[in-house]
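What follows is the residue order along each chain.
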Amino acid sequence: NPMQPAALRQIRQVVAAGRKQGKTVAVCGEMAGDPVLAPLLVGLGVDELSMAPTAIPTVRAALEKFSLQQLSELAEQVCQASTVEEVAKLCAGLQQR
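What this report covers is the structure whose coordinates are included nearby.

What counts and what doesn't
Residues numbered from 1 in each chain as written. Predicted model: local features only at pLDDT ≥ 70, side-chain atom pairs only at ≥ 80, totals over all residues. Heavy atoms only, no water. Helix = DSSP H or I, 4+ residues; strand = E, 2+ residues; numbered from the N terminus. Contact = heavy atoms within 4.5 Å. Axes fitted to C-alpha atoms, helices over the stretch in contact; angles between N-to-C directions. Parallel < 35°, antiparallel > 145°, perpendicular 65-115°, else oblique. Left-handed = near helix turned anticlockwise from the far one by under 90°.

## Quick word on the environment of Cys79
Logical step 1: Among the secondary structure elements, Cys79 is positioned in helix H4 (residues 68-80).
Logical step 2: Taking the C-alpha atoms as reference points, Cys79 and Lys23, 56 residues apart in sequence, are found 22 Å from one another.
Logical step 3: Leave out the neighbours within four places in its chain, and Cys79 touches Leu8, Arg9, Arg12 and Leu44.

## Examining the packing of H4 against helix H5 (residues 84-95)
Geometry of a packed helix pair, given as the angle between the helix axes and the separation of the axes.
Logical step 1: Contact geometry for H4 and H5: axes closest at 10 Å, N-to-C directions at 165°. On the basis of the axis angle, H4 is roughly antiparallel to H5. Crossing handedness for the pair H4 and H5: right-handed. Residues Leu71, Leu74, Gln77 and Val78 of H4 lie in contact with H5, whose contacting residues are Val87, Leu90, Cys91 and Leu94.

Shape is all these values report; function is a separate question.
Shown next as structure tokens:
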């Protein structure tokens, strides 16, 4: 499940390691093209999202709703979560703002 807190924490660790080495971190695929998960990935520090062209307008619209600060705060909360349900609830709360 892409909302698995342990997997999201690993993404954050990869981003930190990439930054330390001066490398860009990208996510490609369904997770990057998901309008709920893409903002979370940006909040985790992912530099690039690669997705099907048809997903771009929806993801762009989702990202435009929030500041980087809001997404970073969400990512921090998500990384403290212990269940997929908690992550889903946090993401849903962000979408309702």
